[in-house]
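So the chains spell out like this:
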Amino acid sequence: PKEGEERDNINVGPQYAVLEFESPVTCPEGSLLIGARFDSDIHDNKCRLAFHGKLAQAIDPKDPQAMSALRIFKIKNREGSIDRVNDK
C-alpha cells in the first residue's frame, strides 16, 4: 500500500506452512487442523490457539524427494551501521 493507505484490505492469497510434529498426527487430506498450546495455564488471559487451517498435503519429512519438491524459503534481514563515510 501507498503511504497513508490502510493495510486491512490487502488480499495476500493462500499461505502455506510445513508443520513437523514430535509424534504422528492422523487425519485425511482436506481436514481442518487446529493447534493449541495445552501446556499453558488455562487461567491466564491469553489465547492458546497456535494455528488453524486445512491440510493440503501430507508428506514424510524423511523422504528427500518429497521435501525437495517443496519451495521453502526463509526471510532474511541484515542490519548494520556505518562507521565511516569517505567522500572522494
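Residues numbered from 1 in each chain as written. Predicted model: local features only at pLDDT ≥ 70, side-chain atom pairs only at ≥ 80, totals over all residues. Heavy atoms only, no water.

### Digging into the overall build of the chain
- A tally of helices and strands in the chain yields 1 helix and 2 strands.
- Secondary structure elements of the chain, listed N to C terminal, follow the sequence β-β-α.
- Taking all 88 residues of the chain together, 3% fall into the buried category.
- Counting only contacts in the chain whose residues sit at least 6 apart along the sequence, the fraction spanning at least 24 positions is 29%.
- Here the chain has roughly 9700 Å² of accessible surface; of this, 49% comes from carbon and sulfur atoms. (Helix = DSSP H or I, 4+ residues; strand = E, 2+ residues; numbered from the N terminus. Buried < 20%, exposed > 50% of the residue type's maximum accessible area, 1.4 Å probe, protein only. Contact = heavy atoms within 4.5 Å. Areas by Shrake-Rupley, 256 points an atom, 1.4 Å probe, with all protein chains shown as cover.)

### Let's talk about a nonpolar patch on the surface
- A cluster of nonpolar side chains, contributed by Val18, Ile59 and Ile72, occupies part of the molecular surface with about 250 Å² of accessible area.
- Assignment of secondary structure puts Val18 in the segment before strand 1 (32–36). (Patch = residues over 30% accessible without salt bridge, like charges linked within 9 Å, V, L, I, M, F, W, Y side chains within 5 Å. Salt bridge = Lys/Arg side-chain N within 4 Å of Asp/Glu carboxyl O.)

### Looking at the confidence of the model for the chain
- Mean pLDDT over the chain stands at 79; residues scoring 70 or higher make up 90%.
- Mean pLDDT across the elements of the chain bottoms out in strand 2 (residues 49–54) (81) and peaks in helix 1 (residues 64–68) (86). (pLDDT = per-residue confidence, 0-100.)

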